[in-house]
Amino acid sequence: MSRARLLAGAALAASASLLSAAPEFGIGEAARLPGFAAELAQRPSLTGASAWVAMPEKEAWHRLSTVAGSQRQGARWDYARSLIAAERGPEALGVLEVMRQDDPDLGMVDAWRLAHGAALVQVGRAEGALAELDMPGLRANPEACLWRLRALAGEGLAEQALQQLDCAGPALEKPRAAPFVLAAARAGVEGGAPDKALHWLSWLPDRDPAANLLRGRAEQLLGRVDEARLRFARVEQSGGPAERVDARLSRIEGEVARNAIRPEAALKQLDAIRYSWRGDAIEERALRLSYRLADARHDLPATLAAGAALVRYHGAEEAADFLPDLRGKLTEALDPARKLPLDKAAGLYWDYRDLAPSGAEGDLMASRLAGRLQQAGLFERAADLLSYQLTQRAGDLARGPLSARVAGLYILAGRPERALRTLRETDDPGLPDGMIAERKRVEAAALTQVGRMDEALAVLQDLPGSSPLQAEILWQRREWSRYAQMSAPALPKGRSLDAVAQAQVLRHAISQAMLGREDVLAGLHARYAAAFRGLPSAPVFEMLTGAPGAVDPGKLAQAMAAIPSASPAGDFADLLEGGKKG
């Protein structure tokens, strides 16, 4: 329908709805106009095309403006049926609503509900129409069945539409208006009754493009290839844009069904259709055929592309078997056993992440891929991947550790501000204590990275066992006095020093050297000289603690460089380094 026609229809519908405010038409009193509901219920049922009799617009408005008060509802009723006959559903809905406002009992009358359902069909509101037309008094009414058939066919529910045929038969015994014929024929073509479709289409002109499109599809289903090809060619000559595209697609569908075209050629032609035509049943048919052809060729990228479009834009996930099958293909594509290169695997997952399996299976898929990205040093890509999993798919319990992992990856990528935002947006006081503690550790690292050291230390202050973490922050920020105070209680007590214990002692010695505390350094020498004997780090220890006044700034720099890389804070130290190691 054109924009001008839509606007005109809206204006007329508005005028019909506003008749109650126009005293000159006699339709504006506050009081209801009772009685017509009972009268209408006593009239014979609406049957066939005679139920909808068109009248000239001028005559209709003249009658509405001059009719006596007791006859107003009758005049409105005749006008509403005239509008339905003219396929002017929006205006008809307005008039019918005015009638019901003045007599709510009309909502219980089969004839009024039939007219209301018919008008809803004409405006494309199939769900509401079917609710009106499926009332007990209308279920066996041939005219109501025909309108139900038209509504179902318009929604692409061909089999359900054909189920209305037995009931609607009497209403289709004689030629009906083109919208009914086309709806019935479409149901016949798509529901497996092409011979019936051709019978109904015989009522329409031979040059009608819409009828020829359905004739071509019916002929094709009956195996009459030449006749179908001619019909499609005629549609491409005389049809509108949608009809021409539909004719091309129908021809391809027939050629694929007959194995008269190579899959590669068919896919190329389907791509051309999808490139130029989007968003309706035509695109959906093209996508479904593309999906089947690509799947038969074991072309996973093409299969996923077509399947994803069907799910995202055409509701294909409603089919019980479609989405699980598509998810299975994505899982197959990303199976580690396939050894798909990392860049391709990551791109494939990112493009179709909304199709990934839910629950533990989807979590495992994302975690494995993020792990590969992390190992390759692609921390931000790994974080982005898991961030989607965190915000869109993870369950409540999984969000705790996953949020800490995502934030940690953003820190390693040199994006501490995004780490803090992630933690803020996923804050949940109800998480278990262990998860809260892990989130606090990551938060402290991010705060340190953005220069908010005191806030980081405050976050860790009440966290059990966090002294090594606080000490690591102070060490990284060269806060010698506070580090010396924090690290002293944690100095190793044994006689054997592993790499971590050596680092603890040497770091504490450096902090004391920086502060010029010779007595403390002497005490460290007396306490640990025997333990360091024979270790690679022994010369550094001797330089720091062996002789009073022997340490100068240059030697301190060498000492810091020679300290074992193992940190008492474990992975927390890597987070504090952040993007320096990414």
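**Student:** What exactly am I supposed to notice about the overall build of the protein chain here?
**Tutor:** Helix and strand content of the protein chain: 33 helices and zero strands. A compact globule built from 582 residues should have a C-alpha radius of gyration of about 25 Å, whereas the protein chain, at 39 Å, is more than 25% larger. Its C-alpha atoms give the protein chain principal-axis dimensions of roughly 120 × 65 × 40 Å. Every one of the 582 residues in the protein chain was classed for burial, and the buried ones make up 47%. A fraction of 60% describes how many contacts in the protein chain between residues 6 or more apart in sequence connect residues 24 or more apart. One finds the centroid of the 72 positive side-chain charges in the protein chain at a distance of 3 Å from the centroid of its 74 negative side-chain charges.

**Student:** Quick question: what am I supposed to make of the nonpolar core here?
**Tutor:** In globular proteins that are soluble, nonpolar side chains generally tend to be buried together. If you look at the biggest cluster of nonpolar residues, it comprises 92 residues, and the most contacted ones within it are I473 and F572. Take this core: its biggest share by element is eight residues, from helix α23 (residues 396-412). Residues in contact with F572, not counting those within four places in the same chain, are R441, A444, A445, L460, L469, E472 and I473. Core analysis: the next-biggest nonpolar cluster, separate from the first, contains 67 residues, I84, C145, V181 and L204 among them.

**Student:** How do you make sense of unusual backbone geometry when you look at a structure like this?
**Tutor:** Backbone phi values are negative for most residues with the exception of glycine, while trans is the configuration of most peptide bonds. For E87, which is not glycine, the phi dihedral falls at a positive 60 degrees. Structurally, E87 can be placed in the loop between α4 (72-85) and α5 (89-102). Positive phi values are uncommon outside glycine, yet H298 reaches one of about 60 degrees. Of note, H298 is situated in the loop between α17 (281-296) and α18 (300-314).

**Student:** How do you make sense of empty space enclosed by the protein when you look at a structure like this?
**Tutor:** Inspection of every chain in the model, using the stated rule, returns two cavities of 30 Å³ or more. Within this model, the largest cavity holds a volume of roughly 120 Å³. Around the largest cavity, the lining residues are S467, P468, A471, E472, Y483, M486, S487, A490, L491, Q504, R507 and P568. Among the elements of the structure, α27 (467-476), α28 (480-487) and α29 (499-514) are those that each provide at least two residues to the lining of the largest cavity. Among the elements that make up the lining of the largest cavity, the one with the highest residue count is α27 (four residues). Grouping the constituent residues of the lining of the largest cavity by class yields seven nonpolar, three polar and two charged.

**Student:** Help me out: how do you make sense of the pattern of salt bridges in this one?
**Tutor:** For side chains bearing opposite charge, pairing can occur when the charged atoms are close. On inspection of all chains with the given rule, the structure shows 35 salt bridges. The residue D102 makes a salt bridge to R76 at a minimum N-O spacing of 2.9 Å. With D102 in helix α5 and R76 in helix α4, this residue pair connects regions lying 26 residues apart in the sequence. There is no split in this pair, since D102 and R76 are both buried. A salt bridge links E91 to R88; the shortest N-O distance between them is 3.1 Å. Note on E91: relative accessible area 3%, which makes it buried. According to the relative accessible area criterion, R88 is buried, its value standing at 16%. Taken together, the shared-partner salt bridges connect E380, D384, R415, E417 and R418 into one network.

**Student:** What should I look at first to understand the environment of L222 in this one?
**Tutor:** By the element assignment, L222 lies in the loop between α13 (209-221) and α14 (225-238). The class of L222 is partly exposed, set by a relative accessible area of 37%. Here the alpha-carbon distance between L222 and D195, two residues 27 residues apart in the chain, equals 7.8 Å. Not counting chain neighbours up to four residues away, the residues in contact with L222 comprise P194, D195 and L198.

Each value, and the rule that gives it
Residues numbered from 1 in each chain as written. Predicted model: local features only at pLDDT ≥ 70, side-chain atom pairs only at ≥ 80, totals over all residues. Heavy atoms only, no water. Helix = DSSP H or I, 4+ residues; strand = E, 2+ residues; numbered from the N terminus. Rg over C-alpha atoms; globule rule 2.2 N^0.38 Å. Buried < 20%, exposed > 50% of the residue type's maximum accessible area, 1.4 Å probe, protein only. Contact = heavy atoms within 4.5 Å. Lys, Arg positive; Asp, Glu negative; His and termini not counted. Charge placed at Lys NZ, Arg CZ, Asp CG, Glu CD. Core = buried A, V, L, I, M, F, W, Y, C linked by side-chain atoms within 4.5 Å. 1 Å grid on protein atoms, 1.4 Å probe; cavity = no way out; pocket = protein on both sides within 12 Å on 5 of 7 lines; lining within 4 Å. Points joined across faces, edges and corners; volume = space filled by probe spheres on them. Nonpolar A, V, L, I, M, F, W, Y, C, P; charged D, E, K, R; others polar. Salt bridge = Lys/Arg side-chain N within 4 Å of Asp/Glu carboxyl O.

Purely spatial values, then, with no claim about function.
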